Amino acid sequence: MANHHPSEWNPSLQKYFVTKLIIHLLYSISIYISYHGYYTDACNIHETVIAGKSRRTSATFASETHEHAHSTPLVMEIRTSRTTMESARLSERVPVGSFYKTNIEAVDDVRSKYFIALWIPAFLLIIVSVGIWQTFTNHAQSSAALHQYRAYLAEVEHLENNTIEPSSAIQPLRRFASRLQSIRSDTNGDYVTNFEKSLAYNQAFNTDLSQLLQGNHSHRSVVRGVLEKATLFYQQRTQHYLKDSQRFIFGGGIAIFLALLYAWLGILKPIGRQSMERALALARAGEFNEDVINTSRVIIIVLESDGKVVLVNHYFQSLLQWPRTQIVGRSILDRLFFSEDHDSVIALLDASDPEQIVEIPILDATGNTLIVAWTVTTVRDVSGKDLLRVAMGVNVTERTQAQKAQQLTLLRAQSLSERLQDEAQQAAELHTAFLGPQDIQLPGVSGLATSISTSEVGGDYLDCYATRETSVLVLGDVSGHGLAAGSIVAVAKTVINQMRAEGIGHPDQVLRRLNNTILEVAQGLRLMTMICAAIDFRRGRLYLANAGQQFPYLQKPDGTWEMLEIGGLPLGQEINQEMLVSEFDLPLGSRLLLISDGWVEESNPDDEPFGYERLEAALEAFSSFDDQVLRDALLDKLRSFCEKDNFDDDLSLIIVRHDERFDSLENTPSVSKQLEVVRLSQDYYTHARISPRISRQHTVLLTDNDWHHLLPQMSRDGVRRVLQSRDTFLTNLGWDALLGAHRDTNDELFTYLGIDTPIQLPITGSSDKDGVLMSLESWFQESQMSDAWMDIAILVADELLENALYAAPRDARGNALYPKGVKRALGEDEYIYLRAARKDNILAMQMSDNWGTLTPSIFLQRLSAHIHGQGLIANQGGGGLYLLWRFSNYLQIRVFPGRETRATLFFDLDHPPREDRYPSFQFLYHSDTCEFNHDKP
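The structure displayed is predicted, hence computed values, not measured ones.

### Focus on the overall build of the chain
Tallying secondary structure elements over the chain gives 28 helices and 25 strands in all. Within the chain, the proportion of its 937 residues that are buried is 48%. For the chain, contacts bridging at least 24 residues in sequence account for 67% of all contacts bridging at least 6. With the model as given, the accessible surface of the chain reaches about 45700 Å², and the carbon-plus-sulfur share is 53%.

Right, dumping it as structure tokens:
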């Protein structure tokens with residue numbers, strides 16, 4: 001006997017179900033085709049009416065509708081209404097806006113009702129199909145289960161009647177027992193009824209079945225009784241599901257029939273009636289539309305979507321004199337527009353934006369050109385497809401010609417004005433270009449220059465340049481203003497450039513050559529006052545020569561100002577005029593002020609000049625200000641006195657400070673920009689003492705390779721910034737950044753290497769040190785660092801961590817808070833960060849803490865002690881500073897007292913450390929008290 005799994009379907013049931021499914025699918029397709037035919041008929045009526053391109057009578061419209069009609073009930077109804085359509089009165093008027101709005105509303109209404117008519121039966125069909133599918137599926141599964149249990153029961157009966165070998169009967173029963181076991185263990189996804197689950201969990205039945213399978217036939221009657229109940233149960237379920245299927249088929253058929261009846265009577269038939277009514281309304285609107293087109297004083301051209309002209313109004317023909325036959329049926333581009341305007345016409349048609357107005361010339365029949373302002377509107381059919389384009393234009397030829405004439409006049413006036421303004425602007429720019437730089441950075445001096453002109457082209461001139469041994473400053477004033485004065489300034493600039501190229505910098509030579517040239521050019525008609533200052537940056541000497549300019553002022557290092565009374569005659573009066581030169585001592589920290597006559601001659605509303613006394617009082621009051629603040633304060637003082645913002649005469653001044661000395665210009669560092677620092681050469685520092693008033697924060701010692709013997713003297717003087725001028729590693733870091741380190745307090749890793757995302761390892765306590773070192777070592781390995789450098793870097797990182805954990809935390813008396821090596825956790829407000837970055841062959845490591853307890857004196861003492869072989873200093877900590885310094889190629893320490901200590905070390909990975917190398921370092925201590933008074937050892 002064949003044995004089937006309970007979840008298998010009977011083949012006859014499968015064929016029956018597939019056949020029913022195909023029938024239902026064909027039925028639904030036929031319904032859709034029928035509905036679609038009705039909808040197409042309704043839409044075609046609208047398309048037929050809108051597609052008319054000239055006046056349509058109702059008879060013509062009915063004829064076209066008849067030719068387009070399909071043999072459907074809806075079209076038959078339209079045919080019976082032809083008499084009504086032909087008798088419609090064309091005198092009825094429908095506004096154009098209402099015509100299009102009604103058409104769009106009709107299309108939307110047809111579409112929405114068509115959707116309802118189609119999807120109500122379709123939805124019911126889906127529900128019925130799902131129900132039939134489910135009931136047939138349940139019926140098939142129950143039938144399969146009934147067939148299987150009958151087979152099990154037959155095997156038991158054969159076993160009782162001994163009509164079959166026990167082994168043959170036991171095999172199906174073993175499969176049955178195995179299925180019950182799988183139901184209990186839920187090992188497969190077969191269909192299982194609640195009845196089967198009850199059998200699977202019936203302990204008594206499973207025990208009897210097990211005894212029967214083991215050969216104990218005394219339990220056969222119990223097993224047979226259970227199988228008989230199962231057979232009866234599935235027989236009843238099969239009949240129940242069969243009745244459910246019949247109910248679904250009968251009920252679903254009735255529901256679908258009612259839905260179709262509702263769709264026909266309630267939706268499709270009204271659609272046909274409404275389509276008829278709207279078609280009549282569209283036909284009545286035709287005559288009105290043509291009347292509007294032909295009576296308008298606007299050019300109207302109706303185009304097809306491909307650009308061919310369909311209709312032109314009477315105003316088009318009367319204005320342009322084109323016969324209708326030469327325009328209609330042709331492309332709009334053929335005769336009406338110039339070829340260079342075709343792209344503009346096409347773009348306007350493609351945009352079809354009623355809000356867009358474009359002026360495009362058009363040709364009339366005689367070849368004359370008219371300027372027309374065009375706009376284009378698109379007419380679409382019910383499906384949204386572009387049907388017609390209506391181009392409307394207004395003749396603006398006269399207005400355009402008047403505007404062009406007016407515009408031409410304005411352009412001529414504007415051109416003349418702009419030319420004059422441009423010439424004046426060019427002259428002003430040329431005069432500004434003649435002036436020297438506003439930011440003065442010369443060997444030995446730094447400062448600023450400012451010139452305020454009262455006209456486009458001023459008569460003041462200031463400049464600066466450097467020779468081999470001097471830095472030269474000149475400030476002059478040509479008599480008068482405007483282009484004449486500007487021409488003399490140009491002559492002076494030319495002569496200064498020549499002397500700069502020749503290396504002439506002595507004041508008498510400079511003024512003598514300027515005098516002779518100005519006399520030769522101006523022939524005595526223009527004079528020029530000028531003062532020339534030459535600063536010998538080797539010995540600190542000031543040389544002055546004055547040709548009728550205001551007396552200069554010299555500020556000494558103690559802050560007092562002194563007027564340098566030196567006079568002379570203006571330039572341009574006589575050939576080889578004698579120039580007297582005065583010499584002054586210029587200590588480091590001195591400041592020189594050169595001014596034009598406008599500073600003392602400018603007057604207030606009472607015609608009282610500002611004068612020397614007020615100028616000198618202001619200088620004394622502002623003596624502690626830096627250069628820029630001093631200049632601004634003097635200007636504010638002058639404006640306040642004169643009670644005006646604009647002055648009557650040009651104002652010029654030069655303020656420079658002598659803050660460094662060199663042997664010659666060739667010995668200065670090769671940097672692109674000199675900074676406001678006092679730079680000391682090694683030779684100068686070896687034989688001199690620097691003033692205690694000079695800020696150590698702004699003092700840089702530029703050394704050679706062998707300089708470490710100066711550390712004790714540096715410790716005594718508080719010099720904490722030393723840079724080797726010929727170190728290529730420092731060149732890679734950038735001299736501008738190194739010399740400006742006292743100003744730029746930003747992150748050193750970004751300043752020197754341009755790295756803004758280094759690795760950062762935060763520390764929460766001493767227990768984190770080993771983990772941090774391991775993480776750092778892994779990063780070194782990933783960056784392919786050599787083993788030798790890796791060992792050095794780990795040693796440096798360990799020393800940095802030790803200093804941050806134990807040497808940095810100190811009390812107000814400078815005593816260490818934590819013994820070295822003790823385990824400790826960071827306080828609530830305490831932080832320690834170890835950061836590292838690498839760029840090419842440069843490795844940088846930085847340690848930051850929030851204590852700020854390290855001072856320049858301790859740092860310098862530590863290095864000096866090691867140089868003298870004294871080793872560590874007791875009870876002061878930080879003994880690893882010397883080790884960190886010697887291992888690095890450059891060390892920078894920045895301290896904000898009581899707030900932060902930031903130690904950054906840079907290493908050249910291409911060159912290992914050497915015993916004879918003493919790297920550069922800078923200790924930047926940001927404290928008001930230590931800016932001018934360094935810590936004494």
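### A short note on the pattern of salt bridges
The final tally for this structure, using the stated rule, is 27 salt bridges. Ionic pairing is found between Asp 244 and Arg 247, a salt bridge with its closest N-O pair at 2.5 Å. Of the two residues, Asp 244 and Arg 247 both sit in helix H9 (residues 220-295), three residues apart, roughly one turn of that helix. The exposure class assigned to Asp 244 is buried, which follows from its relative accessible area of 16%. Residue Arg 247 is classed as exposed on the basis of its relative accessible area of 52%. Here Arg 824 and Glu 830 are joined by a salt bridge, their closest N and O atoms 2.8 Å apart. When its relative accessible area of 8% is taken as the criterion, Arg 824 is described as buried. With a relative accessible area of 12%, Glu 830 lands in the buried category.

### Remarks on the confidence of the model for the chain
Mean pLDDT over the chain stands at 77; residues scoring 70 or higher make up 77%. Across residues 872-878 the pLDDT falls below 50, and counting only partners more than four positions away or on other chains, this stretch makes 15 contacts in the model.

### Section: the nonpolar core
In this structure, Met 714, Met 845 and Phe 921 are the most contacted members of the largest nonpolar core, which totals 59 residues. Per-element tally for this core: the top contributor is helix H25 (residues 787-807), with 11 residues. Met 714 has contacts with Tyr 685, Leu 701, Trp 707, Val 719, Val 722, Leu 860 and Phe 921, leaving out every residue within four places of it along the chain. In terms of nonpolar packing, the next biggest core, distinct from the first, is built from 47 residues, Val 445, Ile 488, Leu 571 and Leu 594 among them.

### Side note on the side chain of Asp 364
Looking at the secondary structure, you find Asp 364 in the loop between strand E3 (358-363) and strand E4 (369-380). Arg 335 provides the closest opposite charge to the buried, salt-bridge-free Asp 364, at an N-O distance of 12 Å. Within polar-contact distance, the side chain of Asp 364 engages the backbone nitrogen of Gly 367 at 3.0 Å. There is a polar contact of 2.7 Å between the side chain of Asp 364 and the backbone nitrogen of Asn 368. Excluding residues within four positions of it along the chain, Asp 364 makes contact with Leu 320 and Trp 322.

### Looking at a nonpolar patch on the surface
On the surface, a cluster of nonpolar side chains totalling about 720 Å² of accessible area is made up of Phe 250, Ile 254, Phe 257, Leu 258, Leu 261, Trp 264 and Leu 265. On the secondary structure map, Phe 257 appears in helix H9. A relative accessible area of 54% places Phe 257 in the exposed class.

### Examining the packing of aromatic side chains
In the structure shown here, the tally under the stated rule is 19 aromatic pairs. Relative to Tyr 234, the ring of Tyr 149 lies with its centre 5.3 Å away and its plane at 15°, an arrangement referred to as stacked. Highlighted residues: Tyr 149 in helix H5 (residues 96-161) and Tyr 234 in helix H9, separated in sequence by 85 residues. Residue Tyr 234 is classed as buried on the basis of its relative accessible area, which comes to 1%.

### A short note on a negative patch on the surface
Where like charges cluster on the molecular surface, the negative patch consists of Glu 565, Glu 613, Glu 616 and Glu 620. Note on Glu 565: relative accessible area 64%, which makes it exposed.

### A short note on the sheet that holds strand E13 (residues 561-563)
Judged by pairing direction, the sheet is antiparallel, and its six strands sit side by side in the order E6-E7-E16-E15-E12-E13 without closing on themselves. Each having just a single partner strand, strand E6 (439-442) and E13 make up the two edges of the open sheet. Mean inter-strand twist for the sheet, computed between neighbouring axes without regard to direction, equals 20°. One ladder, built from four bridges, connects E6 with strand E7 (residues 445-452); its direction is antiparallel. Paired with Leu 442 across the bridge in E7 is Val 445.

### Some thoughts on the packing of helix H17 (residues 611-621) against helix H18 (residues 627-642)
Two elements in contact, H17 and H18, have axes separated by 10 Å at closest approach and are oriented at 140°. Taken together, the axes of H17 and H18 are oblique relative to one another. Seen along the crossing, H17 lies across H18 with a hand that is right-handed. Between H17, through Arg 614, Leu 615, Ala 618 and Leu 619, and H18, the contact on the second element is made entirely by Leu 630, Leu 634, Lys 637 and Phe 641. Residue composition of the contact of H17 with H18, grouped by class: six nonpolar, no polar and two charged.

### A closer look at the packing of helix H24 (residues 769-782) against H25
The contact between H24 and H25 brings their axes to 10 Å, and the two run at 150°. Put simply, H24 runs roughly antiparallel to H25. Between H24 and H25 lies a crossing whose hand is right-handed. Two secondary-structure elements touch here, H24 through Lys 769, Val 772, Leu 773, Leu 776, Glu 777, Phe 780 and Gln 781 and H25 through Met 790, Ala 793, Ile 794, Ala 797, Asp 798, Leu 801 and Glu 802.

### Observations regarding unusual backbone geometry
Note on backbone geometry: most residues besides glycine have negative phi, and most peptide bonds are trans. With a phi angle near 60°, Glu 643 is a residue other than glycine that sits in the positive phi range. The topology assignment puts Glu 643 in the loop between H18 and strand E16 (651-658). For Gln 784, which is not glycine, the phi torsion reads 60° and is therefore positive. Residue position: Gln 784 is located in the loop between H24 and H25. Using a relative accessible area of 71% as the deciding quantity, one classes Gln 784 as exposed.

### Considerations on the sheet that holds strand E20 (residues 759-763)
Pairing in this open sheet of nine strands is mixed, and the strands run E17-E18-E19-E25-E23-E24-E22-E21-E20 from one edge to the other. Each having just a single partner strand, strand E17 (678-681) and E20 make up the two edges of the open sheet. On average, each strand axis in the sheet is tilted by 20° relative to the strand beside it, whichever way the strands run. Taken together, the three bridges between strand E18 (residues 699-703) and strand E19 (residues 721-724) define a ladder with parallel strand orientation. Opposite Thr 703, over in E19, you have Gln 724 as the bridge partner. Against the sheet, H25 contacts E20, strand E21 (832-839), strand E22 (842-849) and strand E24 (900-908), and its axis sits at roughly 15° relative to E22. Contacts between helix H26 (residues 856-867) and the sheet are confined to strand E23 (890-896) and strand E25 (920-925), with E25 contributing the most and set at about 155° to the helix.

Parameters at a glance
Residues numbered from 1 in each chain as written. Predicted model: local features only at pLDDT ≥ 70, side-chain atom pairs only at ≥ 80, totals over all residues. Heavy atoms only, no water. Helix = DSSP H or I, 4+ residues; strand = E, 2+ residues; numbered from the N terminus. Buried < 20%, exposed > 50% of the residue type's maximum accessible area, 1.4 Å probe, protein only. Contact = heavy atoms within 4.5 Å. Areas by Shrake-Rupley, 256 points an atom, 1.4 Å probe, with all protein chains shown as cover. Salt bridge = Lys/Arg side-chain N within 4 Å of Asp/Glu carboxyl O. pLDDT = per-residue confidence, 0-100. Core = buried A, V, L, I, M, F, W, Y, C linked by side-chain atoms within 4.5 Å. Lys, Arg positive; Asp, Glu negative; His and termini not counted. Polar contact = N/O pair within 3.5 Å; in protein donor to acceptor, adjacent residues only side chain to side chain. Patch = residues over 30% accessible without salt bridge, like charges linked within 9 Å, V, L, I, M, F, W, Y side chains within 5 Å. Phe/Tyr/Trp six-rings, centres within 6.5 Å; stacked < 30°, edge-to-face > 60°. Charge placed at Lys NZ, Arg CZ, Asp CG, Glu CD. Pairing = 2+ DSSP bridges. Axes fitted to C-alpha atoms, helices over the stretch in contact; angles between N-to-C directions. Parallel < 35°, antiparallel > 145°, perpendicular 65-115°, else oblique. Left-handed = near helix turned anticlockwise from the far one by under 90°. Nonpolar A, V, L, I, M, F, W, Y, C, P; charged D, E, K, R; others polar.

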